[in-house]
Amino acid sequence: MMRGKKGNNLILIENGLLTSYMLDDKNVWEVGRPSKGNIPDIKLKSATVSRKHGKFQNMDGVWFYLDYNSKNGTIYNHKHINAGINGRVKPVMLETGDTFLFGGGEEEVINSKTIWGLYTTRVFEDLWRIMDSKGYKQLQFISDGRITTMMSPEKGLVIENENGIAIYMGDIIYMIGDMEVIGC
Amino acid sequence: MDNHLKDNNYETVFIRDEISKCEDVDELRERIFPMIKTQQEQWAKKINEIIVESGLNKSQFAETCGVSRVAVNKWSNGSLPKNRETFLRIGMTAGYGLEKMNQLLQRYGQYPALYSKSLEDCVCIYVLDKEYGKETITKYKYILDKIKQNIIRDDKNEADDLSTVIFDEKLSNVKDETELETFIYDNSAIFSTTYHKFYAYVKMHIMANYSGFGGTVFELAEGQGWSSSLRQCVSAIRQSKWYPTRNKIISLGIHLSMDHEQIDKMLELAHMEPLCAKNIFESVIMFILDDASLNNMLDVDSEDFDPDELCRYSREILETLDLPEVDAFITELPEINDDAW
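Residues numbered from 1 in each chain as written. Chains lettered and ligands numbered in written order. Predicted model: local features only at pLDDT ≥ 70, side-chain atom pairs only at ≥ 80, totals over all residues.

Caption draft 1: Summary view of the overall build of chain B. Within chain B one finds 19 helices and 0 strands. Within the span of chain B, comprising 341 residues, buried residues form 37% of the whole. Long-range pairs, those at least 24 residues apart, make up 62% of the contacts in chain B with a sequence separation of at least 6. (Helix = DSSP H or I, 4+ residues; strand = E, 2+ residues; numbered from the N terminus. Buried ≥ 20, exposed ≤ 12 C-beta atoms within 10 Å, placed from the backbone. Contact = placed C-beta atoms within 7 Å.)

Shown next, in the form of structure tokens:
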């Protein structure tokens, strides 16, 4: 059976396009909107993302996300990252399954202007697959012989286990590893 | 969850909400403190029972615990021991087993239960399990001292991903002191990673906010004239070998201008409960942090950067309240009129 290997992996979905970053390749990953003289490591095109938006940083093997108190901000695990006392940066310590929404303002609304992200400590060698899920009301996620049934889930739902990952984004589902989805 | 715990949680949430509504210190003192008194009364009742049951008089009890007679008197009148280690000593002096010890730590001390992946707790679990009776505390100190002197922290040796349940089981199979020592040496990587995430969290916060100080904890502490004990603590964090204690974590958080959420995160990473509204000192800390966050929100444009602002403010509040058990904490905070900055 194929299992995910250990590794620190950031998955971003922007305009329907999924990109996977192997965080372990570098210690710091700047996140921002590229402009003249500013070339971040993770380039987000959306106008609601600040030029210098934030960064992912490793400290003694533990991964953090730091938001530069950017204009439209970042939502981390469904909550807006606020500045600390006297405007201090509040690094968040990442755990597998953490989700992000870059440049979405205070409320969590996933749309074509926002960039959605997932941090996971599992790395799969195969490629991400896409499934059209337009119009489905009920979804069955099948992995490792187990079935998880969801009725009209919210966009941004993640089904993650040792063997595979599925990300539900409304009209599209992204899958990797041992993961199948049946919709009706 | 039994009813006692449920009521307890309900009360804690209630007090916590009430603290956030307090306008000033006077209101905190008048409205909140009377609610918390019951916690101290419960403790006074408990410790007096413990002493009677131990068959020791107060002086003997103090001596066995390794504290002063004055400290024991204070406990009898309801003041809480100021750290978890003291609760452990009390439980060992009382001849408690594992279950009663955990209850003492959690219910009366608001501390986490014994955690086998922390060195001190590991030794404590061992001596409780072996039922040394009156010798328990002496054994504990002896074994711990011996191990601490000999332990070599090998960071290159990667810790196995052993679940705490399996680790507990392995520990319960340890037969004697020699085996315990071997067990501890074999697992030294696990002990040294117990607080790994805690250290990383503190270091990351400093790197993100104090790069003007060269980005190291040590330079920050030197630069701001922190007390020598707190400087020792940050220097030990830098070397990843500090054993966190509750009040020191809170003190560190205040010194680093962390908010309530961040101090709770540090406590969680040190395997402790979040700030507890039912402890007078911590209720004041919660009030200070809530207030600081609120004032800050009203004053977002302020560019004044005073790294000691939160410390000064905390000191001001704590000094207006008469809380003898936190004298040590207060003296660690910078002087109010200290204009070294």
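Caption draft 2: Region of the structure containing the sheet that holds strand β14 (residues 146–151) of chain A. Residue and element names in this part refer to chain A. Spatially, β14-β13-β18 is the arrangement adopted by the 3 strands of the open sheet, whose pairing is antiparallel. The strands lining the two open edges of the sheet, one partner per strand, are β14 and β18 (180–183). The average angle at which neighbouring strand axes cross in this sheet is 20 degrees, direction not considered. As judged from the 4 bridges shared by strand β13 (residues 138–143) and β18, these two strands associate in the antiparallel manner. Among the inter-strand pairings, I142 is bridged to a residue of β18, identified as E180. (Pairing = 2+ DSSP bridges. Axes fitted to C-alpha atoms, helices over the stretch in contact; angles between N-to-C directions.)

Caption draft 3: Summary view of the interface of chain B and chain A. Taken together, the 20 residues of chain B in the interface contact 13 residues of chain A. A total of 10 residues in the side of chain B that touches chain A trace back to one element, the largest contributor, which is helix α12 (residues 196–209) of chain B. Class assignment for the residues of the side of chain B that touches chain A results in 9 nonpolar, 7 polar and 4 charged. (Nonpolar A, V, L, I, M, F, W, Y, C, P; charged D, E, K, R; others polar.)

Caption draft 4: Quick peek at the domain arrangement of chain B. All names here are of chain B. With domains assigned, chain B is organised as domain 1 (1–111), domain 2 (116–192) and domain 3 (196–272 + 303–332). Taken residue by residue, the interface counts 8 residues in domain 1 and 9 residues in domain 3. Partitioned by chemical class, the residues of the side of domain 1 that touches domain 3 number 3 nonpolar, 2 polar and 3 charged. (Domains from an automatic or database assignment.)

Caption draft 5: Broad picture of the domain arrangement of chain A. Residues and elements named next belong to chain A. Examined at the domain level, chain A breaks down into domain 1 (1–123) and domain 2 (126–184). The C-alpha centroid of domain 2 is placed 22 Å from the C-alpha centroid of domain 1. Taken together, the contacts link 13 residues of domain 1 with 14 residues of domain 2. A per-element tally of the side of domain 1 that touches domain 2 places strand β11 (residues 115–123) first, with 3 residues. Looking at side-chain class alone, the side of domain 1 that touches domain 2 contains 7 nonpolar, 5 polar and 1 charged residues.

Caption draft 6: Spatial organisation of the environment of L180 of chain B. All names here are of chain B. Relative to the assigned elements, L180 resides in helix α10 (residues 177–186). According to the C-beta neighbour criterion, L180 is partly exposed, with 19 such atoms within 10 Å. Apart from the residues lying within four places of it in its own chain, the contact partners of L180 are Y126, I143 and V174.

Caption draft 7: Region of the structure containing the packing of helix α3 (residues 58–65) of chain B against helix α5 (residues 84–93) of chain B. Residue and element names in this part refer to chain B. Where α3 contacts α5, the two axes come as close as 9 Å, and the packing angle between them is 120 degrees. The angle between the axes of α3 and α5 places the two elements in the oblique class. Between α3 and α5 lies a crossing whose hand is right-handed. Of α5, the residues touching α3 (which contributes F61, T64 and C65) are R89, I90 and T93. (Parallel < 35°, antiparallel > 145°, perpendicular 65-115°, else oblique. Left-handed = near helix turned anticlockwise from the far one by under 90°.)

Caption draft 8: Highlighting the pairing of strand β3 (residues 28–32) of chain A. Bridging between β3 of chain A and strand β5 (residues 54–59) of chain A involves 4 bridges; their strand directions are antiparallel. The residue of β5 of chain A that forms the bridge with V28 of chain A is Q57 of chain A.

Caption draft 9: Broad picture of the environment of K170 of chain B. Residue and element names in this part refer to chain B. Looking at the secondary structure, you find K170 in helix α9 (residues 164–172). With 14 C-beta atoms packed within 10 Å, K170 lands in the partly exposed category. Sequence spacing of K170 and F183 is 13 residues, and the spatial spacing of their C-alpha atoms is 8.7 Å.

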